[in-house]
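So you can see what is in the structure, the chains are spelled out below.
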Number of protein chains: 2
Amino acid sequence: MTLLAREVLHASLQDPVLESIGFLNEIMGRYPDALSFAPGAPHPAPYEELDTARYLDRFTAHAAAAGLGPDRAARLLYEYGPARGLINGIVADALRRDQGIDADPDALVITVGAQEAMFLVLRALIASPEDLLAVSDPCFVGITSAASLLGAGVVPVPEDADGLDVDALAGACRAARRAGRRIRACYVAPDYANPGGTRMAAGRRPRLLELAEREDFLVLEDNAYGFTAPPGAELPALKALDGGRRVVHIGTFAKVCFPGARVGYVVADQSVSTAGAAAVPLAAELARLKTAVTVNTSPVCQALIAGMLLEHGGSLAELARARSVLYRRNLAHLLRALDREGAAGLPEGVEWNRPGGGFFVRMRLPVPADAGLLEASAAGYGVLWTPMAPFHPGGGGRRTLRLSCSYLEPGEIDEGVRRLGAFLREHARPRAGAGAGTGGAP
Amino acid sequence: MTLLAREVLHASLQDPVLESIGFLNEIMGRYPDALSFAPGAPHPAPYEELDTARYLDRFTAHAAAAGLGPDRAARLLYEYGPARGLINGIVADALRRDQGIDADPDALVITVGAQEAMFLVLRALIASPEDLLAVSDPCFVGITSAASLLGAGVVPVPEDADGLDVDALAGACRAARRAGRRIRACYVAPDYANPGGTRMAAGRRPRLLELAEREDFLVLEDNAYGFTAPPGAELPALKALDGGRRVVHIGTFAKVCFPGARVGYVVADQSVSTAGAAAVPLAAELARLKTAVTVNTSPVCQALIAGMLLEHGGSLAELARARSVLYRRNLAHLLRALDREGAAGLPEGVEWNRPGGGFFVRMRLPVPADAGLLEASAAGYGVLWTPMAPFHPGGGGRRTLRLSCSYLEPGEIDEGVRRLGAFLREHARPRAGAGAGTGGAP
């Protein structure tokens, strides 16, 4: 019977980030009846209105009318298809209309969720051991785990209340150069980031693009939560400000359509030149890499998403409208519930931020928010949350936890926060000799 | 405007294998009316009987009856889901029933096609620059391109009429060891391989497993074409002979269901041990890697495949029966058409093999079967085929081409072979001074 020691497998399998995902899944499995603020999953209510047959028909009719004819259009769903995708034009139209992102369909690749987009972009850009990826700290684990799979060095860049610290990033670029290395890209989710909830201030956005130009790196913009901005308070995506084509824009339909489609996209309109050949968009290179990872994104899944878009006038914003109301309601409800618990008395040093959108609230504790504490919370109080340390490639966040409210009902949020309050009053009292100020900003 | 030189992107983007896929797509795009023996795509006839709504309902009813209840089962399609997959039990049952492969559902991962399965297995096993992948030569480009993306060294192992040369593989293992390196895995498609059409003889199969045990590597078995074996002439899969758990078995539903689902699977029942923790199947490690590549395989796509299986008594063989008749008909038709052209007179040195199954025939020419020759074939004769050199990581195959007959109608095969014959009579005459015997076996 073949036995492999984990040490002889790829090092990413010993990465604490991948470990932490496994641990969270495992503890949710052991406490199925706990109220869980852990997963950042979309709310299931909109699933009830989904009509897969109608979306498929809608896309097929669209493709037939666009010149393919009905037989050929019907077959599209079942065949392979181009690695770059089938619905690029429909997505490009939506990005232009809704976000002011002016991208040619050839500059898009339709991917298996945003995750594959991140993976492909990193694979293209990380060409040698000297190449580095800068990331906001804290940071979505999807990008750091992809970097881990590719053995790419990650440089954490702190963020403050206005988002990524651009001066710190400039310093990191200089430090990398002095060490004979180079920051090739910087990952940032400028709108209500997972896990931090931070939004990059309007004035800081052009500064990041200027630095990217000056230091010759690309900005990887993850736009998953922008749609949750309050009406009238939307800020332009980095890609909409990107005259110099410094931004690779990554999006997902998991939140505004449904995660089970596993459809995302990447806008990569940078030019790639080869001696003796015409320049091609970076997207074409990403599509070539995709043939070696997943070949192409399921045409059935692409058709479901395109059909949904077409049913909503081709508009992502239109699709997102009802959903964003739901998420803002939940976030406001969570913050009110936390305020009530705070008024009822929580241990000194328990603090949380107040994001204006997104799925997440960060809470700082005066004690380590680790696996042991989570186990105590689950076993004794029936409430789950996510330890933040794995989101901090720079090593911080040990006393911070993330609360997600995206998929809960208001009553569940109330009950979950009551349980959390009882748990915190018992288990998050400052310990003698442990200063409350050493855990980093919440 | 950002301009990137291809040289600063990952080296795999300069790999001739990825280039060749791009070239084939490009030439097919330029000659849309040519008869094409190039792509190994499934035949579209079975698509007309597909009923996506019925398959989704069938799976949902199955999941509801299995204990989830109707509401929870309906939501499965739309949510994320476990990285390892949703339909592992249904696939494990089919493998046991149809192929004598006895695998626990926990030892399976449902992947985005066989391609992602290959990619994940390589990522797990290629842990250092010393780790090598052995492949049959010629070899499916999906595995060599995945190795290229990971920077993995590839060792070509020749095959003869009975399949992979096990003695040559033993020699390659020794040579690697002497060089301070190690063959971690050997990729082989034992049944009617793409592109060679070769089938591994029954007597050779256990010998490969014995060598894997002795030299401590894993066999990556790709089972895409086994279902095309003539009834009664099936040979056991390597995994069905695998008492020592040396085989990682990779399969796809692209051929027996439809490619647009992008669903494949991997059986990886090897034990992975970590100090201080219970051993887990290798499949669990692959699932962890998958979270960093595609998160999970679309539940909608998984449900389509599971529903199709359930509609056919849970049997892959049952699903494959009508399709295998179609493919054997096409292959026999192609071989008869080639024989007719041969009888009408083809240049000396034009030879082809006679596979008993699969999608492909290999043809050797007395002249280089390169991009220039393909261009002449497409432009002057309206017939396309695939140059074999990219399938030969060892550098052979320059005078060999691949003919795929899988998705054509008999009349198209006849007309295509007539065009091919006319082309060969004009362009494949042995050149003065060029020996016909130097191009390797067809």
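Please read all numbers here as calculations on a predicted model, not as lab measurements.

A few points about the UniProt feature "domain: Aminotransferase class I/classII large" (unreviewed entry) in chain A
Then comes step 1: Those residues carrying the UniProt feature "domain: Aminotransferase class I/classII large" (unreviewed entry) are residues 91-420 of chain A in this numbering.
Then comes step 2: For residues 91-420 of chain A, helix accounts for 39% and strand for 21%, while the C-alpha atoms at its two ends are 41 Å apart.

Quick notes on empty space enclosed by the protein
Then comes step 1: All chains considered together, the criterion is met by five cavities of 30 Å³ or more.
Then comes step 2: Volume-wise, the largest cavity comes out at about 70 Å³.
Then comes step 3: Every residue lining the largest cavity is listed: Val112, Ala261, Arg262, Thr297, Ser298 and Cys301 of chain A together with Val112, Ala261, Arg262, Thr297, Ser298 and Cys301 of chain B.
Then comes step 4: Forming the boundary of the second largest cavity are Glu159, Gly163, Leu164, Val188, Ala189, Pro190, Ala193, Thr198, Arg199 and Met200 of chain A.
Then comes step 5: Tallied by class, the residues present in the lining of the second largest cavity amount to six nonpolar, two polar and two charged.

Looking at the interface of chain A and chain B
Then comes step 1: At the junction of the two partners, chain A supplies 72 residues and chain B supplies 72 residues.
Then comes step 2: Together chain A and chain B conceal approximately 6500 Å² of surface at their shared face, both sides included; 63% is due to carbon and sulfur atoms.
Then comes step 3: It is Thr2, Tyr78 and Arg288 of chain A in chain A that bury the most area against chain B; as a group they hold 12% of the surface buried on that side.
Then comes step 4: Our enumeration of links across chain A and chain B arrives at two salt bridges.
Then comes step 5: The salt bridge involving Arg6 of chain B is made with Glu285 of chain A; its shortest N-O contact spans 2.7 Å.
Then comes step 6: For the pair chain A and chain B, the number of links is 40 residue pairs in polar contact (both at pLDDT 80 or more).
Then comes step 7: Elements with a contribution of two residues or more to the side of chain A that touches chain B: β1 (3-5), α1 (16-30), α2 (52-68), α5 (113-125), α6 (141-149), β11 (271-274), α9 (282-291) and α10 (299-311) of chain A.
Then comes step 8: When residues of the side of chain A that touches chain B are assigned to their parent elements, the largest contribution, six residues, is made by α5 of chain A.

Remarks on the sheet that holds strand β8 (residues 218-222) of chain B
Residue and element names in this part refer to chain B.
Then comes step 1: Taken in spatial order, the eight strands make up an open sheet running β3-β10-β9-β8-β7-β4-β5-β6, and their pairing is mixed. Across the chains shown, the open sheet's two edge strands, defined by having one partner strand only, are β3 (108-111) and β6 (163-164).
Then comes step 2: Strand direction decides the pairing type here: β3 and strand β10 (residues 264-267), joined by four bridges, are antiparallel. Bridge pairing links Val109 to Val266 in β10.

Some points on the relation of the copies chain A and chain B
Then comes step 1: Overlay of chain A on chain B (RMSD 0.0 Å): rotation 180°, translation along the axis 0.0 Å. The two molecules are tied by a two-fold rotation axis, judged by turn and shift. In terms of proximity to the rotation axis, the leading residue of chain A is Ala53 of chain A, whose C-alpha is 3.2 Å off the axis.
Then comes step 2: An overlap of 100% is found between the interface residues of chain A and their copies at the interface of chain B, pointing to a shared contact surface.

A word on the packing of aromatic side chains
Both the distance between ring centres and the angle between the ring planes are used here to describe each pair of aromatic rings.
Then comes step 1: What the rule picks out here adds up to 21 aromatic pairs over all chains.
Then comes step 2: Taking the centre distance of 5.2 Å and the plane angle of 50° together, the rings of Phe253 of chain B and Tyr265 of chain B count as tilted. One end of the pair, Phe253 of chain B, is in the loop between β9 (247-252) and β10; the other, Tyr265 of chain B, is in strand β10, and 12 residues separate them in sequence.
Then comes step 3: With a centroid separation of 6.3 Å and an interplanar angle of 35°, the aromatic rings of Trp385 of chain B and Phe423 of chain B are classed as tilted. Placement of the pair is Trp385 of chain B in the loop between β15 (383-384) and β16 (386-387) and Phe423 of chain B in helix α13 (residues 410-427), with a sequence separation of 38 residues.
Then comes step 4: Residue classification places Phe423 of chain B among the buried positions, given a relative accessible area of 0%.
Then comes step 5: Clustering of aromatic rings is evident, with ring pairs tying together Tyr225, Phe227, Tyr327, Phe359 and Phe360 of chain A.

Details of the side chain of Glu341 of chain B
Then comes step 1: Within the secondary structure layout, Glu341 of chain B lies in helix α11 (residues 316-343).
Then comes step 2: Setting aside residues up to four positions removed in sequence, Glu341 of chain B forms contacts with Leu346, Val417, Arg418, Gly421 and Arg425 of chain B.

Structural notes on the sheet that holds strand β9 (residues 247-252) of chain A
Residues and elements named next belong to chain A.
Then comes step 1: Pairing is mixed in the open sheet, where eight strands are placed in the order β3-β10-β9-β8-β7-β4-β5-β6. This sheet does not close on itself; its edge strands, each paired only once, are β3 (108-111) and β6 (163-164).
Then comes step 2: Across four bridges, the pairing between β9 and strand β10 (residues 264-267) is antiparallel. In the sheet register, Thr252 faces β10, and the bridge partner there is Gly264.

Some words on the pattern of salt bridges
Then comes step 1: Inspection of the entire model under this criterion finds 66 salt bridges over all chains.
Then comes step 2: Between Arg245 of chain A and Asp269 of chain A there is a salt bridge, and its shortest N-O distance comes to 3.9 Å. Taken together, the residues span a long stretch of sequence, with Arg245 of chain A in the loop between β8 (218-222) and β9 and Asp269 of chain A in the loop between β10 and β11 at a distance of 24 residues.
Then comes step 3: Arg245 of chain A gets classed as partly exposed once you look at its relative accessible area, which sits at 32%.
Then comes step 4: Relative accessible area serves as the criterion here: at 9%, Asp269 of chain A is assigned to the buried category.
Then comes step 5: A salt bridge links Glu375 of chain B to Arg30 of chain B; the nearest nitrogen and oxygen atoms lie 2.8 Å apart.

Focus: the packing of helix α11 (residues 316-344) of chain A against helix α13 (residues 410-427) of chain A
Residue and element names in this part refer to chain A.
Then comes step 1: Interaxial distance between α11 and α13 falls to 9 Å at its minimum, and their mutual angle equals 35°. As α11 runs across α13, the sense of the crossing is right-handed. Only Pro410, Ile413, Asp414, Val417, Arg418, Leu420, Gly421 and Arg425 of α13 make contact with α11, whose side of the interface consists of Arg329, Asn330, His333, Leu334, Ala337, Leu338, Arg340, Glu341 and Ala344.
Then comes step 2: Across the contact of α11 with α13, the residue classes break down as eight nonpolar, three polar and six charged.

Considering the domain arrangement of chain A
Accessible area lost upon the coming together of the parts is a frequently used measure of interface size.
Residues and elements named next belong to chain A.
Then comes step 1: Taken domain by domain, chain A holds domain 1 (11-40 + 320-428) and domain 2 (52-314).
Then comes step 2: Contacts between the two partners involve 26 residues from domain 1 and, on the opposite side, 29 residues from domain 2.
Then comes step 3: Buried surface at the junction of domain 1 and domain 2, summed over both partners, amounts to about 2100 Å²; 64% is from carbon and sulfur atoms.
Then comes step 4: Its largest share of buried area at the contact with domain 2, domain 1 owes to Arg323, Phe391 and Pro393, together 23% of the area lost on that side.
Then comes step 5: Run the count over domain 1 and domain 2 and you get zero salt bridges.
Then comes step 6: Counting every contact that joins domain 1 to domain 2 gives 12 residue pairs in polar contact (both at pLDDT 80 or more).
Then comes step 7: Contributions of two or more residues to the side of domain 1 that touches domain 2 are made by α1, α11 and β14 (360-364).

What counts and what doesn't
- Residues numbered from 1 in each chain as written.
- Chains lettered and ligands numbered in written order.
- Predicted model: local features only at pLDDT ≥ 70, side-chain atom pairs only at ≥ 80, totals over all residues.
- Heavy atoms only, no water.
- UniProt positions renumbered as here; feature names shortened; annotations may be inferred.
- Helix = DSSP H or I, 4+ residues; strand = E, 2+ residues; numbered from the N terminus.
- 1 Å grid on protein atoms, 1.4 Å probe; cavity = no way out; pocket = protein on both sides within 12 Å on 5 of 7 lines; lining within 4 Å.
- Points joined across faces, edges and corners; volume = space filled by probe spheres on them.
- Nonpolar A, V, L, I, M, F, W, Y, C, P; charged D, E, K, R; others polar.
- Contact = heavy atoms within 4.5 Å.
- Buried area = accessible area lost by both parts, 1.4 Å probe.
- Salt bridge = Lys/Arg side-chain N within 4 Å of Asp/Glu carboxyl O.
- Polar contact = N/O pair within 3.5 Å; in protein donor to acceptor, adjacent residues only side chain to side chain.
- Pairing = 2+ DSSP bridges.
- Least-squares fit on C-alpha atoms with pLDDT ≥ 70 in both.
- Phe/Tyr/Trp six-rings, centres within 6.5 Å; stacked < 30°, edge-to-face > 60°.
- Buried < 20%, exposed > 50% of the residue type's maximum accessible area, 1.4 Å probe, protein only.
- Axes fitted to C-alpha atoms, helices over the stretch in contact; angles between N-to-C directions.
- Left-handed = near helix turned anticlockwise from the far one by under 90°.
- Domains from an automatic or database assignment.

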